[in-house]
Amino acid sequence: MLPIRRLLLRDLLVLMAGLSAVILGLSWWSQQHALAHQADVRTQTALHHLDEGLRQKLGDAQTLGEVVRGWWLERALDPARPGEAARMILPMLNAQRSITSLNLAQPEGPALLFLRLGDIWSMRELIQPGPGARIRWYRFDRPGDPPKVEPWTPMDYDPRTRPWYQAGAASPTPSWTEPYVFYTTRDPGITCTLPVRAARDLRGVVALDFLLDDLTAQVWAAQPTLRSRCLVVDAQDRVLILPNDPAFQTTEARRSAFLKPLSQDSLAIQSGILAAATQGGEPFRLRLVGELMLGLVTTFQDLPGIRWRLL
């Protein structure tokens, strides 16, 4: 009897071990499936937040531009009176951190430029546009204090030749420009341009500027995890928002990478990912630098003139 009992016990142990392995396998599979689903959801949520964050920042700027354009149309604001224009516009500019400059340009050429450097706003008044143009700066060191007005100086500049003015003058409605290099700061950015029209007459153009470096910093600050990577390109696959990689930690490195095609060496991996990814809005998995990562690509094109892809 003893050998039979041992055989039965052995068979029972084998059966229990097999059942345990199956249970453990099912538990592992269930856990992996749950983790994968959780990762999919988190990736979709992160990209949704990126989309919403960009939409809100750019939409808020367009709304601010609509307010300024309304004041100009109602003649409550006159760019020919820079002091009054500054008192109306500066409180709105001080209340936000996204816009880097605001232009008011008239068809005859005179223009005002509000420019942010750090936390300080300045205003540049321009007259006699072209080779004989003259400018003077108004420095606003603290809100409420009278500005420091500098002497007139020559400057060979005509705002009517700039992409933002030409886009605004040619469009019947607000629109966003293609990315380009700003004249004053030499930094790449995009502009929301709004024509100021009374019937068919063009009174001027309102333009609000965003630096691509500022947009990149805002995206980095909002990324869901420290190892997340976000990339935004335009319709020509030029880089608008860079991933938070070691290669782009300095201002100089980012400035040299903005508006470059994805084929450059520093973004070769992202270029391959974007080329392989589908636009169906479904997460995809890939092996990147020895790690399993989850990606998602979607379009961003609800604002007039903007045709972007978000990765």
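Scroll up a little and you will see the structure.
Residues numbered from 1 in each chain as written. Predicted model: local features only at pLDDT ≥ 70, side-chain atom pairs only at ≥ 80, totals over all residues. Heavy atoms only, no water.

Explain the packing of aromatic side chains here, please?
Here the distance between the centres and the angle between the planes together describe a pair of aromatic rings. For the structure shown, the criterion picks out five aromatic pairs. Ring centres of tyrosine 157 and tyrosine 183 lie 4.5 Å apart, and the angle between their planes is 40°; this geometry places the pair in the tilted category. On the criterion of sequence distance, the pair formed by tyrosine 157 in the loop between strand S6 (153–154) and helix H3 (163–170) and tyrosine 183 in the loop between strand S8 (180–181) and strand S9 (188–198) is long-range, its members being 26 residues apart. Note on tyrosine 180 and phenylalanine 182: the rings are 5.2 Å apart at their centroids and 70° apart in plane angle, and the pair reads as edge-to-face. Neither residue differs from the other here; tyrosine 180 and phenylalanine 182 are each classed as buried. (Phe/Tyr/Trp six-rings, centres within 6.5 Å; stacked < 30°, edge-to-face > 60°. Helix = DSSP H or I, 4+ residues; strand = E, 2+ residues; numbered from the N terminus. Buried < 20%, exposed > 50% of the residue type's maximum accessible area, 1.4 Å probe, protein only.)

Looking at this structure, how should I read the nonpolar core?
Across soluble globular proteins, you tend to see nonpolar side chains buried next to one another. Residues Leu54, Leu58, Leu102, Leu104, Phe114 and Trp176 are the most contacted members of the largest nonpolar core, which totals 61 residues. Residue contributions to this core peak at eight residues, all from helix H1 (residues 2–73). With 17 residues, the next largest nonpolar core counts Ala111, Leu113, Leu115 and Ala207 among its residues. (Core = buried A, V, L, I, M, F, W, Y, C linked by side-chain atoms within 4.5 Å.)

Would you mind going over the side chain of asparagine 244 with me for this structure?
Relative to the assigned elements, asparagine 244 resides in the loop between strand S12 (239–241) and helix H5 (251–257). One polar contact links asparagine 244 to glutamine 249, side chain to side chain, over a distance of 2.9 Å. The residues contacting asparagine 244, other than those within four sequence positions of it, are Trp220, Gln223, Arg229 and Gln249. (Polar contact = N/O pair within 3.5 Å; in protein donor to acceptor, adjacent residues only side chain to side chain. Contact = heavy atoms within 4.5 Å.)

Looking at this structure, how should I read the pattern of salt bridges?
Where charged atoms from two side chains of opposite charge come close, those side chains can pair. A full pass over the atoms with the stated rule returns 17 salt bridges. The residue arginine 97 makes a salt bridge to aspartate 119 at a minimum N-O spacing of 2.7 Å. Separated by 22 residues along the polypeptide, arginine 97 in the loop between helix H2 (82–94) and strand S1 (101–105) and aspartate 119 in the loop between strand S2 (111–117) and strand S3 (120–127) bring together distant segments of the chain. For glutamate 178, the salt bridge goes to arginine 238, with nearest N and O atoms at 3.4 Å. Placement of the pair is glutamate 178 in the loop between strand S7 (175–176) and S8 and arginine 238 in the loop between strand S11 (232–233) and S12, with a sequence separation of 60 residues. With relative accessibility at 46%, the residue glutamate 178 sits in the partly exposed group. Ionic contacts of the salt-bridge type, sharing partners, join the residues Asp51, Arg55 and Asp302 into one network. (Salt bridge = Lys/Arg side-chain N within 4 Å of Asp/Glu carboxyl O.)

Is there a simple way to explain the layout of surface pockets in this structure?
It is the rolling of a water-molecule-sized probe over the atoms that shows where space remains empty. Estimates place the volume of the second largest pocket at around 320 Å³. If you list the elements that add at least two residues to the lining of the second largest pocket, you get H2, S3 and strand S4 (134–140). The element that contributes the greatest number of residues to the lining of the second largest pocket is H2, accounting for seven residues. Among the residues making up the lining of the second largest pocket, the classes are represented as twelve nonpolar, three polar and five charged. (1 Å grid on protein atoms, 1.4 Å probe; cavity = no way out; pocket = protein on both sides within 12 Å on 5 of 7 lines; lining within 4 Å. Points joined across faces, edges and corners; volume = space filled by probe spheres on them. Nonpolar A, V, L, I, M, F, W, Y, C, P; charged D, E, K, R; others polar.)

Is there a simple way to think about H3 in this case?
Owing to its 3.6 residues per turn, the α-helix aligns residues three or four sequence positions apart on the same side. Burial in H3 covers these residues: Trp164, Tyr165 and Gly168. Buried residues of H3, seen end-on, are gathered within an arc of 95° and therefore sit on one face of the element. Looking at the packing, one finds that the buried side of H3 touches S1, S8, S9 and strand S10 (201–211). (Arc of directions from axis to C-beta.)

Honestly, the environment of proline 163 in this entry has me stumped. Any pointers?
If you trace the backbone, proline 163 turns up in helix H3. Overall, the relative accessible area of 32% leaves proline 163 in the partly exposed class. In the structure, proline 163 is positioned 18 residues away from valine 181 in sequence and 9.6 Å away in space, judged by C-alpha atoms.

Would you explain the sheet that holds S12 in this entry?
The strands making up a sheet associate through backbone hydrogen bonding, with each pair oriented either parallel or antiparallel. Read from one edge to the other, the open sheet built from four strands follows the order S12-S11-S16-S15, with strand pairing classed as antiparallel. Edge strands, defined here as strands with exactly one partner in the open sheet, are S12 and strand S15 (298–300). Both S11 and strand S16 (residues 308–310) contribute to a ladder of two bridges, which runs antiparallel. For valine 232, the partnering residue across the bridge sits in S16 and is leucine 310. (Pairing = 2+ DSSP bridges.)

Looking at this structure, I do not really get empty space enclosed by the protein. What am I missing?
Under the defined criterion, the tally for this structure stands at one cavity of 30 Å³ or more. In this model, the largest cavity occupies a volume close to 140 Å³. Lining of the largest cavity is provided by 15 residues; of these, Asn103, Phe182, Tyr183, Thr184 and Asp209 occupy positions nearest its centre. Taken together, the elements giving at least two residues each to the lining of the largest cavity come down to S1 and S2.

Is there a simple way to explain the pairing of S1 in this structure?
If a strand is regular, its side chains alternate between the two faces of the sheet. Among the five residues in S1, five count as buried, and that is most of the element. Neither face of S1 is open: one carries Ser101, Asn103 and Ala105, the other Leu102 and Leu104, and all of them are buried. Summarising the sheet, S1 and S10 pair through five bridges and their orientation is antiparallel. Residue serine 101 lies in a different strand from S10, and its bridge partner there is aspartate 209. Direction of pairing for S1 relative to S2: antiparallel, over a ladder of five bridges. Bridge pairing in S2 links serine 101 to leucine 115. Here S1 hands over to S2 after five residues, with glycine 109 in that stretch at a positive phi of 120°.

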